[in-house]
Amino acid sequence: MTQAVDGARGSARGANPASANPASVNPASAGPGETLADPLGSLADLVAGGGLVILSGAGLSTESGIPDYRGPTGLARRAEPMTYQAFAGSAAARQRYWARSHRGWRNIAQARPNAGHHAVAELERGGLVTGMITQNVDGLHQAAGARRVVELHGSLDHVICLACKARTSRAELDRRLSAANSGWHATVTAIKPDGDAVLGDDEAERFRVVDCTACGGVLKPDVVFFGENVPPARVQECYALAGQASALVVLGSSLTVMSGYRFVRHAAKLAIPVVIVNNGPTRGDAQAQLIIDAPLGRTLAAVVERCQLIHYGS
Ligand SMILES: [Zn+2]
């Protein structure tokens, strides 16, 4: 563990990531006063050095009541996500999608940022975080006050017309869908991080979809669907952010999807230290100098507290 701790203390830049020996540790097991040997202290030291870029995933939002796809609370795993091809190619698929999404949106709209989101925003305000790449579409980083957020997979709070490309607010669509479906009721068995709710088929069949008010075109949430590419300019922006980081800090992502994992590989290739805070193993563990397998909210709150001690003296 000492080796990994040394790596996390800032000397990892230039080290061969392949030779790193990541420690998978739970900060709860570290005793009081273990400032050099405990991983939380190492993370705090690294964070206090500034220049951090955050890469966040669904695991950061589970404590806000939005379930993860793959993490320990991934109840909705059994339902297949809608692909762009199915959505664009089938009116029945769109009806099913919007029925589920209309019901699921309530949960997303009501979700509030948790201690983890607040900690990240606090670190940005303190000048330690230079940018955030989020795979989440729930807007909770911004709701916590974070500013420099790149929403890699878009945002659920807007919809886009596939014909005229008009981008409009989800709140407005929500009002239109509610008006078109007064009396419609759905029994929800699960909600997913993209706001998709699992409903019965017959419930979806009774749902009325509405179209673009400007041109009558098909409306789609302004998020990147499975089978759809992230806009290239956005990808380049994320590569640039990750490439300029003093350290890339992964928060709550198993990095299963290449869309986010590629930035970890990019950082590792440039010998930029990679730190992972996640519940459970991730695809990026081999590239990481420090891994903390623990709940996000209290871990990040503790890091902020320790950073303040480092900055203002204890
Ligand atoms: Zn339109």
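Residues numbered from 1 in each chain as written. Predicted model: local features only at pLDDT ≥ 70, side-chain atom pairs only at ≥ 80, totals over all residues.

Peer 1: Would you mind going over the overall build of the protein chain with me for this structure?
Peer 2: Along its length, the protein chain carries 11 helices and 12 strands. Sorting the 314 residues of the protein chain into buried and exposed places 44% on the buried side. Across the protein chain, the fraction of contacts at a sequence separation of at least 24, relative to all contacts at a separation of at least 6, is 71%. (Helix = DSSP H or I, 4+ residues; strand = E, 2+ residues; numbered from the N terminus. Buried ≥ 20, exposed ≤ 12 C-beta atoms within 10 Å, placed from the backbone. Contact = placed C-beta atoms within 7 Å.)

Peer 1: I keep staring at the nonpolar core and nothing clicks. Help me out?
Peer 2: Soluble globular proteins tend to bury their nonpolar side chains together. Counting residues in each nonpolar core, the largest one holds 51 residues, and the members touching the most others are I54, L248, V250 and V275. Other than its neighbours up to four places away in sequence, I54 contacts V120, V129, M132, I133, V249 and L251. Judged by nonpolar contacts, the second largest core, of 13 residues, contains F87, W98, V159 and I191. (Core = buried A, V, L, I, M, F, W, Y, C linked by C-beta atoms within 7 Å.)

Peer 1: Explain the environment of S61 to me, please; I cannot follow it from the model alone.
Peer 2: Along the chain, the position of S61 falls in the loop between β2 (52–56) and α3 (84–89). Linking S61 and D138, residues 77 residues apart in sequence, is a C-alpha distance of 8.3 Å.

Peer 1: I keep staring at helix α5 (residues 115–125) and nothing clicks. Help me out?
Peer 2: The α-helix advances 3.6 residues per turn, and as a result positions three or four apart in sequence lie on the same side. The element α5 is largely enclosed, with a buried count of nine among its 11 residues. Within the span of α5, buried status applies to G116, H117, H118, A119, V120, A121, E122, L123 and E124. Trailing α5 by a residue or two, G127 shows a phi angle of about 80°, which is positive.

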